[in-house]
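Survey of secondary and tertiary structure
So the chains spell out like this:
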Amino acid sequence: QVRVVESGGGLVQPGGSLRLSCAASGTFSNIDIMGWYRQAPGKQREWVVSILSGGYINYADSVKGRFTISRDNAKTTVYLQMDSLKPEDTAIYYCFVHPRGIGRSWGQGTQVTVSS
């Protein structure tokens, strides 16, 4: 079983920054992919960023140049540094973890609100 715990959401003014964290724990050998999706009110969940086990990173165009994903040496915790935040970044952010040989697991979500 895989447990995924996010933290770091909150309220920030436009142009501000937030840093989200996502920690995976449980019984698994390696994690193939970790990343984030987000879901704004009244919209479908959309992919934001992924980081593969080998370090390859891919960002959605909407966040490229503003968001940065990183991870710890154990490769079980990822961080999402969000800069130059815009009101349209307001959403619940969900971390996902895809361990090798196991289905994808999701966190409970953390609210990010960008408003003046």
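So, a few notes on the structure that sits alongside this text.

Parameters at a glance
Residues numbered from 1 in each chain as written. Predicted model: local features only at pLDDT ≥ 70, side-chain atom pairs only at ≥ 80, totals over all residues. Heavy atoms only, no water. Phe/Tyr/Trp six-rings, centres within 6.5 Å; stacked < 30°, edge-to-face > 60°. Helix = DSSP H or I, 4+ residues; strand = E, 2+ residues; numbered from the N terminus. Buried < 20%, exposed > 50% of the residue type's maximum accessible area, 1.4 Å probe, protein only. Salt bridge = Lys/Arg side-chain N within 4 Å of Asp/Glu carboxyl O. 1 Å grid on protein atoms, 1.4 Å probe; cavity = no way out; pocket = protein on both sides within 12 Å on 5 of 7 lines; lining within 4 Å. Points joined across faces, edges and corners; volume = space filled by probe spheres on them. Nonpolar A, V, L, I, M, F, W, Y, C, P; charged D, E, K, R; others polar. Disulfide = S-S within 2.5 Å.

It is worth spelling out the packing of aromatic side chains at this point. Remark: the centre distance and the inter-plane angle together describe each pair of aromatic rings, the angle taken between the planes. Scanning the entire structure with this criterion turns up three aromatic pairs. Between Tyr37 and Phe96 the ring centres are 5.5 Å apart and the planes differ by 70 degrees, which places this aromatic pair in the edge-to-face class. Of the two residues, Tyr37 is situated in strand S4 (residues 31-39) and Phe96 in strand S9 (residues 91-99); the sequence distance between them amounts to 59 residues. Each member of the pair, Tyr37 as well as Phe96, carries the same accessibility label: buried. For the ring pair Tyr37 and Trp106, a centre distance of 5.2 Å and an interplane angle of 70 degrees mean the geometry is edge-to-face.

With that settled, the discussion passes to the pattern of salt bridges. Throughout the structure, instances matching the rule amount to five salt bridges. A salt bridge links Arg38 to Glu46; its shortest N-O distance comes to 2.6 Å. Using a relative accessible area of 5% as the deciding quantity, one classes Arg38 as buried. Owing to a relative accessible area of 34%, Glu46 belongs among the partly exposed residues under this scheme. With its nearest N and O atoms 2.7 Å apart, the salt bridge here joins Asp89 to Arg66. You can see Asp89 sitting in the loop between strand S8 (77-82) and S9 and its partner Arg66 sitting in the loop between strand S6 (57-59) and strand S7 (67-71), a full 23 residues away along the chain. Residues joined by salt bridges that share partners form a network here, namely Arg38, Glu46, Arg66 and Asp89.

A few words now on empty space enclosed by the protein. Overall, the coordinates contain one cavity of 30 Å³ or more when judged by the stated rule. As for the largest cavity, its lining consists of Ile31, Asp32, Ile33, Met34, Ile51, Leu52, Ser53, Arg71, Lys75 and Val78. Contributions of two or more residues to the lining of the largest cavity are made by S4 and strand S5 (46-52). Ranked by residues supplied to the lining of the largest cavity, first place goes to S4 with four residues. For the lining of the largest cavity, the per-class residue count stands at six nonpolar, one polar and three charged.

This model, assessed by the stated rule, comprises one disulfide. Disulfide pairing places Cys22 opposite Cys95 at an S-S distance of 1.9 Å. Disulfide Cys22 to Cys95: torsion about the S-S bond roughly -75 degrees, handedness left-handed. On the criterion of sequence distance, the pair formed by Cys22 in strand S3 (residues 18-26) and Cys95 in strand S9 is long-range, its members being 73 residues apart. Like Cys22, the residue Cys95 is buried in the burial classification.

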